[in-house]
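Geometric and topological summary
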Amino acid sequence: EAEVAQSPRYKITEKSQAVAFWCDPISGHATLYWYRQILGQGPELLVQFQDESVVDDSQLPKDRFSAERLKGVDSTLKIQPAELGDSAMYLCASSPGLAGVAKNIQYFGAGTRLSVL
Amino acid sequence: GENVEQHPSTLSVQEGDSAVIKCTYSDSASNYFPWYKQELGKRPQLIIDIRSNVGEKKDQRIAVTLNKTAKHFSLHITETQPEDSAVYFCAASIRYGGATNKLIFGTGTLLAVQP
C-alpha cells in the first residue's frame, strides 16, 4: 500500500538554527498539506499545495517558515530561525485532488517530531 | 473563524463496552466529516468518513452519525477491544476559493480500553 513518506522522523535543534523537513506524497496525488500538531491537540494546517501552487498559507508564520513544491511532487518545509515554540510534530498529508469523494480523503505521513532546545 | 469542538478529551471504557465521541462544527457549509485514529508515535489513519448527504454510516464495529441541523457528528465504537486504544480526531471539511477545501480538526479524544 502506497504511503506518504517523511524525513527525518526526529529532529533536535537549537533555537535560531535552520531546519528542513521533506515529504514525498503518494504517487499521483495533486494536493499536498503540511500540518503542525502540538502535543495534545489536533493537526493545524500550515500550507496547502495544489500541484506546485500554494492555495492556502494563511496559517504559515511567513517570517520564519517557508514551503515549496517546485515540481509538484515532493515538498520541503523550512524553519529559519527555529524558536522554542516550534517544538511539535510536523505532519505531511496528500490527497488525490480529483472530483468526488476521493478528493477530500487525506493520507498522512508518519511525521517529523521537532524539538527545539 | 471555523472551529471543531470534540468531547470528551479522555475516555476510559472496559473491554466489550461501547465508546462514543462527539464533535460539533461551526461552518454550516461543511460537507465532509472524517475520523482519524492515531496510535502513539504513528500516523493518523482514516477509519471512517461521512458526507453531508448521509445521516449515518457503519463499518463493522464503528459507525458515524451526522446531524446537520444541530451541526454535530459522533463516532460510535461497539464491542471495544484493547487495540482500539488510541487518540481519535474528528474533522470537518470547509470549502473556500472555489474548488479548494481544507480540514479543521478537533482536539482529539484519548480512548483507553481496559482489558
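Described in the following lines is the structure provided in the data block. Keep in mind it's a predicted model, so treat the numbers as computed, not measured. (Residues numbered from 1 in each chain as written. Chains lettered and ligands numbered in written order. Predicted model: local features only at pLDDT ≥ 70, side-chain atom pairs only at ≥ 80, totals over all residues. Heavy atoms only, no water.)

All names here are of chain B. With respect to the helices, strands and loops of the structure, D84 is situated in the loop between strand 8 (72–77) and strand 9 (86–96). You can call D84 buried: its relative accessible area is 7%. When the C-alpha atoms of D84 and R43 are compared, they prove to be 15 Å apart, with 41 residues separating the residues in sequence. When residues no more than four places from it in sequence are discounted, the contact partners of D84 are K37, R61, I77, E79, L111 and V113. (Helix = DSSP H or I, 4+ residues; strand = E, 2+ residues; numbered from the N terminus. Buried < 20%, exposed > 50% of the residue type's maximum accessible area, 1.4 Å probe, protein only. Contact = heavy atoms within 4.5 Å.)

This next bit is on the sheet that holds strand 3 (residues 19–24) of chain A. Residue and element names in this part refer to chain A. Ordered by their spatial adjacency, four strands build an open sheet running 1-3-8-7, and the pairing between neighbours is antiparallel. Looking at the sheet topology across the chains shown, the edges are occupied by strand 1 (5–7) and strand 7 (65–68). Averaged over all adjacent pairs, the angle separating strand axes in this sheet is 15°, with direction ignored. (Pairing = 2+ DSSP bridges. Axes fitted to C-alpha atoms, helices over the stretch in contact; angles between N-to-C directions.)

All names here are of chain B. If you walk across this open sheet you meet the five strands as 1-3-8-7-6, and the pairing is antiparallel. Two strands lie at the open edges of the sheet, namely strand 1 (4–7) and strand 6 (56–59), each paired on one side alone. Here the average twist between neighbouring strands, direction ignored, is 15°. The pairing of strand 6 with strand 7 (residues 62–67) spans four bridges and is classified as antiparallel. Its bridge partner lying in strand 7, K58 is registered against A63.

This next bit is on unusual backbone geometry. The amide bond that connects S7 of chain A to the next residue, P8 of chain A, takes the cis arrangement and shows omega of -5°. A cis amide bond links H7 of chain B with the next residue in sequence, P8 of chain B, at an omega value of -5°. Looking at the element boundaries, P8 of chain B is found in the loop between strand 1 and strand 2 (10–14). In this structure, D51 of chain A takes a positive phi of about 55° despite not being glycine. Tracing the sequence through the fold places D51 of chain A in the loop between strand 5 (44–50) and strand 6 (53–56).

Empty space among the atoms becomes apparent when a probe as large as a water molecule is rolled across them. All names here are of chain B. Per the counting criterion, the structure on display carries one cavity of 30 Å³ or more. Taken as a whole, the largest cavity encloses approximately 30 Å³ of empty space. In terms of lining residues, the largest cavity is bounded by E2, N3, V4, Y25, S26, D27, S30, A92, I94 and I104. Residue classes in the lining of the largest cavity are distributed as five nonpolar, three polar and two charged. (1 Å grid on protein atoms, 1.4 Å probe; cavity = no way out; pocket = protein on both sides within 12 Å on 5 of 7 lines; lining within 4 Å. Points joined across faces, edges and corners; volume = space filled by probe spheres on them. Nonpolar A, V, L, I, M, F, W, Y, C, P; charged D, E, K, R; others polar.)

Residue and element names in this part refer to chain B. The alternating pattern of strand 11 (residues 109–114) places T109, L111 and V113 on a buried face, while none of L110, A112 and Q114, on the opposite face, is buried. Here strand 2 pairs with strand 11 via five bridges, running parallel. Counterpart to V13 in the pairing with strand 11 is V113.

Nonpolar side chains in soluble globular proteins tend to be buried together. Residues W35 and F73 of chain B are the most contacted members of the largest nonpolar core, which totals 24 residues. Elements that contribute at least two residues to this core include exactly strand 3 (19–25), strand 4 (32–38), strand 5 (45–51), strand 7, strand 8, strand 9 and strand 11 of chain B. With five residues, strand 9 of chain B is the single largest residue contributor to this core. Ranked by size, the runner-up nonpolar core spans 20 residues in total, among them V19, C23, F49 and L77 of chain A. (Core = buried A, V, L, I, M, F, W, Y, C linked by side-chain atoms within 4.5 Å.)

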